[in-house]
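Listed here are the chains, written in short residue letters.
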Amino acid sequence: MTELFGWGRFPKIQSRELTPKSEAELAAILRNSKSYIARGNGRAYGDSAINKNLTVTMTHINRFLRWNAKSGELIAESGVLIADIIDTFLPRGWFPYVTPGTKFVSLGGAIACDVHGKNHHKDGSFGNFVNWIDLINEDNQVLRCSRSENADLFRWTIGGMGLTGVILRCSIQLKKIESGWIKQRSVINNNLSESLKSFHENKDAQYSVAWIDCLATGKSFGRSILLLGEHAKKDEVKQKSAVFPKVRNQKFSLFFDAPGFLLNNFTVSAFNKLYFNFSKFMPSSCVDWDTYFYPLDSIGNWNRIYGKEGFFQFQCVLPEEVSLEGYTKLFFAIQKKSSGSFLAVLKDFGSGNGYVSFPRKGLTLALDFKASKINIALGKQLTDMVNDFGGTIYLAKDAIMEDVQYNPTFSKDEFLKYRNRFIKSEQSIRVKL
Amino acid sequence: MSKTKKILIVGAKSDIALAVANKYASEGYELQLAARNSSELDPVVDDLKIRHETNVIAYELDILKYERFPDFLDSLACLPDVVLCAVGLLGRQNDDQQKFLNSVLVMRTNYEGPSLLLGEIARRFEMRGHGSIIGISSVAGDRGRASNYIYGSAKSGFTAFLSGLRNRVYKSGVNILTVLPGFVATKMTQSKNLPSILTAQPEEVADKIFAAVKTKKNIIYVRPVWRYIMLVICSIPEFIFKRMSF
Ligand SMILES: Cc1cc2nc3c(=O)[nH]c(=O)nc-3n(C[C@H](O)[C@H](O)[C@H](O)COP(=O)(O)OP(=O)(O)OC[C@H]3O[C@@H](n4cnc5c(N)ncnc54)[C@H](O)[C@@H]3O)c2cc1C
Ligand SMILES: NC(=O)c1ccc[n+]([C@@H]2O[C@H](COP(=O)([O-])OP(=O)(O)OC[C@H]3O[C@@H](n4cnc5c(N)ncnc54)[C@H](OP(=O)(O)O)[C@@H]3O)[C@@H](O)[C@H]2O)c1
């Protein structure tokens, strides 16, 4: 038995974990199990990738199988990490179309959560760039699923949280780019309505994300800074720089749980103030891909900053029409409990893939909370509010939702038709999915 | 013939071997991979080619078929610059001590096969005038213990063989590296509960090997702490040692 947890280090669950090294080993494991879940690199925050009875970790099934240097099609096993892909193909001028805020996610995890990046308003989510998936079904057969073959299973698998089957391998499309640099510019927004409007005004930007100060009150309520990015062309890269810069070195790594008091309200609000004063002077600049897309990846185990109790992330999406009213109420609720958050991020979603997949038209907010009793209660309260506004919660981040709070916008009965009976995660049991 | 440097990796399906293959390929080497049932290497070959855009060729080789060694070496596209032998068999001490034919397999796989092959390669390197040879032995060979002395004694023989070989070919510019990995998280140790501070990942072993070959080291413990652990274990007087259990 090993203690397993997600990126939030909450909850921690004793589980039997097996890490097969080959497809044959994997098949043998699955054949003999009646309750299990696949796990990628454990970057989901909560308990999506844990099953007490058996958690099958896929990170050693991680080979590149075929690469088409002309078209940019990559066929790979599901344990391959986005970090591997960038490491291998960026020097040849290719990058993932969609990437989450950490590069340490597996292809299986990226498909199962249908992850989104800062370009959802332009390109949609990860699933849009998946050509096909080889899925292991209930009878332990490998089924090829694509938009033309087993098409329904394909659609329910994208964003299906691993519940339709184990993703064995897949074909994805990479994007041709001229350099590994991003031209970044920033827009300061003094309050919430400005913040929301500035997304609207910058719809054409390739990448956009806002850092939002959820503790500011009065005139500054909902102030934010919107960071916009475009891929730099080859001739826009500074002369002395490498066109495709390498990954940054790890700055330092936390080997222990930091004491909880480091992150009380005071430090959080101080952090927010500092950040805002600093960024007012931030000039437009060219940033390397690693700093731009994965600012926290260079600090190993930064998730330990929240101390022993761990933390959870609250991420919701609200329909566009209710953004202003909804986020105003959410921020008020957060301020009332005064449980400020280290990272509050706002992103713009275009229309989604439907089915189980999380992204849908509207703005999405993500913020971290230390997993204290008060914060968990607050998280549940926020979830109720989101439901009232017709929004929904991102399962990849959730660790606290109760079953009655899970408000899927798809038909559970329809999902059941494609759901593998043997697959269960602690989360799927908790929210009755 | 291209000028790119080449490494021959024997026992190429081993997890340590695979990490070494990735390391050398990322440093621009071409790979010659030898293993038994070498068709199982096909996906590995594809993966390495895609990752590193380098030449990778797979060869069939069973370390117990000594008579085939010369033909195998003749069949290589060219004599490599570096050779690594990662073949090994831990066996199961409790069963093996009951059935001596099992013991024979462990002894031959860890000692005879690797020694004979690397000996023959050393002879060819000697004639050519350069080359590096890497043998993966084990700290288990430093002192025989009840729990794994069949494996340990074979590794001990292998370590001694490498030591003598190093001594013999030193003047001809051939370098021999003995690697004592300590615990490594691989297929071989999958079922064992290893203490994490003493256990290296295969990639760490590969990095250490690459650096050690470059600086022409003779013997390395992958995690230095093992040198001291073995120093202590080897200094226990025999009359006490024989009563201990580990
Ligand atoms: C710092 C940080 C930033 C993040 N930023 C974003 C972001 O910007 N956008 C976003 O969308 N997400 C984001 N995430 C969440 C993360 O991208 C997802 O949780 C992703 O799924 C993690 O991938 P993983 O390989 O670690 O999967 P895991 O966490 O191990 O698993 C996640 C889910 O995928 C399933 N799964 C994994 N592998 C397989 C497989 N082979 N077959 C079937 N099912 C499988 C699991 O069952 C589980 O349900 C972030 C996470 C972190 C830690
Ligand atoms: N892991 C550790 O803790 C540890 C510690 C000290 C030393 N070592 C040594 O490190 C080396 C690599 O081992 P590993 O840990 O990477 O384990 P591994 O993955 O089990 O590798 C051992 C390899 O030896 C191959 N082999 C066995 N008999 C063979 C034969 N007759 N002909 C050809 N190949 C044969 C196996 O091939 P198949 O795949 O075909 O079976 C396997 O690939 C071994 O010499 C081992 O003794 C390991």
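Residues numbered from 1 in each chain as written. Chains lettered and ligands numbered in written order. Predicted model: local features only at pLDDT ≥ 70, side-chain atom pairs only at ≥ 80, totals over all residues. Heavy atoms only, no water.

Engineer: In this structure, what is going on with the overall build of chain B? I would like to understand it.
Structural biologist: Tallying secondary structure elements over chain B gives 9 helices and 9 strands in all. The C-alpha atoms of chain B give 18 Å as radius of gyration, which agrees with the globular expectation for 246 residues (18 Å, within 12%). At a minimum sequence separation of 6, the contacts of chain B that also span at least 24 residues come to 70%. Of the accessible surface of chain B, which amounts to about 12,200 Å², a share of 55% is contributed by carbon and sulfur atoms. Taking the 32 positively charged and 24 negatively charged side chains of chain B as two groups, their mean positions are separated by 7 Å. (Helix = DSSP H or I, 4+ residues; strand = E, 2+ residues; numbered from the N terminus. Rg over C-alpha atoms; globule rule 2.2 N^0.38 Å. Contact = heavy atoms within 4.5 Å. Areas by Shrake-Rupley, 256 points an atom, 1.4 Å probe, with all protein chains shown as cover. Lys, Arg positive; Asp, Glu negative; His and termini not counted. Charge placed at Lys NZ, Arg CZ, Asp CG, Glu CD.)

Engineer: Would you mind going over the interface of chain B and chain A with me for this structure?
Structural biologist: Interfaces are often sized by the accessible area lost when the parts come together. Taken together, the contact between chain B and chain A spans 12 residues of the former and 13 residues of the latter. For the chain B and chain A pair, buried surface summed over both sides reaches about 990 Å², with 48% attributable to carbon and sulfur atoms. On the surface where chain B and chain A come into contact, there are 2 salt bridges. For B:Glu53, the salt bridge is made with A:Arg92, and the minimal N-O distance between the two is 3.2 Å. Its residues assigned to classes, the side of chain B that touches chain A shows 3 nonpolar, 3 polar and 6 charged. (Buried area = accessible area lost by both parts, 1.4 Å probe. Salt bridge = Lys/Arg side-chain N within 4 Å of Asp/Glu carboxyl O. Nonpolar A, V, L, I, M, F, W, Y, C, P; charged D, E, K, R; others polar.)

Engineer: I keep staring at the packing of helix α1 (residues 15–26) of chain B against helix α7 (residues 202–214) of chain B and nothing clicks. Help me out?
Structural biologist: Each packed pair of helices is defined by two parameters, the angle between the axes and the distance between the axes. Residue and element names in this part refer to chain B. With their axes 8 Å apart at the nearest point, α1 and α7 run at an angle of 55° to one another. By the angle between their axes, α1 is oblique relative to α7. Where α1 crosses over α7, the handedness of that crossing is right-handed. Contacts from Asp 15, Ile 16, Ala 19, Val 20, Lys 23 and Tyr 24 of α1 reach α7 at Pro 202, Glu 203, Val 205, Ala 206, Asp 207, Ile 209, Phe 210 and Val 213. Looking at side-chain class alone, the contact of α1 with α7 contains 10 nonpolar, no polar and 4 charged residues. (Axes fitted to C-alpha atoms, helices over the stretch in contact; angles between N-to-C directions. Parallel < 35°, antiparallel > 145°, perpendicular 65-115°, else oblique. Left-handed = near helix turned anticlockwise from the far one by under 90°.)

Engineer: Could you clarify how one ought to interpret helix α2 (residues 42–52) of chain B in this entry?
Structural biologist: Along an α-helix, residues three or four positions apart point the same way, because every turn accommodates 3.6 residues. Turning to α2(B), its buried residues are B:Val44, B:Val45, B:Asp47, B:Leu48, B:Ile50 and B:Arg51. The elements touched by buried residues of α2(B) are β6 (64–68) and α2 (82–89) of chain A together with α1, β2 (30–35) and β3 (56–60) of chain B. Positioned one or two residues after α2(B), B:Glu53 has a phi angle of 45°, which is positive. (Buried < 20%, exposed > 50% of the residue type's maximum accessible area, 1.4 Å probe, protein only.)

Engineer: What is the right way to look at the site of ligand 2 in this model?
Structural biologist: All names here are of chain B. The environment of ligand 2 is made up of 26 residues, and the closest members are Ser 14, Arg 36, Tyr 151, Val 184 and Thr 186. Contact distances for ligand 2 include 3.0 Å between a nitrogen atom and a backbone N or O atom of Ile 63. Protein chains shield 91% of the accessible area of ligand 2, which is 880 Å² for the free molecule. When residues of the shell around ligand 2 are traced back to their parent elements, those giving at least two are α1, α6 (149–169) and β7 (183–184). Of the residues in the shell around ligand 2, the class split is 12 nonpolar, 8 polar and 6 charged. (Near = heavy atom within 4 Å. Polar contact = N/O pair within 3.5 Å; in protein donor to acceptor, adjacent residues only side chain to side chain.)

Engineer: How do you make sense of the nonpolar core when you look at a structure like this?
Structural biologist: It is characteristic of soluble globular proteins that their nonpolar side chains tend to be buried jointly. Of all hydrophobic cores here, the largest spans 109 residues; its most connected members are A:Leu26, A:Ile85, A:Phe89, A:Phe126, A:Ile172, A:Tyr327 and A:Leu382. If one sorts the elements of this core by residue count, strand β11 (residues 166–176) of chain A sits on top with 6 residues. Ranked by size, the runner-up nonpolar core spans 36 residues in total, among them B:Leu33, B:Val45, B:Ile136 and B:Ala212. (Core = buried A, V, L, I, M, F, W, Y, C linked by side-chain atoms within 4.5 Å.)

Engineer: Sorry if this is basic, but what is going on with a nonpolar patch on the surface here?
Structural biologist: Residues and elements named next belong to chain B. Residues Phe 239, Ile 240, Met 244 and Phe 246 make up a contiguous nonpolar surface patch of roughly 360 Å² in combined accessible area. Here Ile 240 is to be found in helix α9 (residues 238–241). When its relative accessible area of 37% is taken as the criterion, Ile 240 is described as partly exposed. (Patch = residues over 30% accessible without salt bridge, like charges linked within 9 Å, V, L, I, M, F, W, Y side chains within 5 Å.)

Engineer: So what exactly am I meant to see when it comes to the site of ligand 1 here?
Structural biologist: Residues and elements named next belong to chain A. Taken together, 35 residues lie around ligand 1, and Ala 38, Gly 40, Arg 43, Ala 44 and Ser 106 are the ones closest in. Measuring from a nitrogen atom of ligand 1, one finds a backbone N or O atom of Gly 101 at 3.1 Å. In this structure, Met 161 approaches ligand 1 through a main-chain N or O atom, which is 3.0 Å from an oxygen atom. Alone, ligand 1 offers 950 Å² of accessible surface; in the complex the protein occludes 97% of this. Elements that contribute at least two residues to the shell around ligand 1 include exactly β4 (37–39), α3 (107–112) and β11. Taken together, the residues of the shell around ligand 1 break down into 18 nonpolar, 13 polar and 4 charged.

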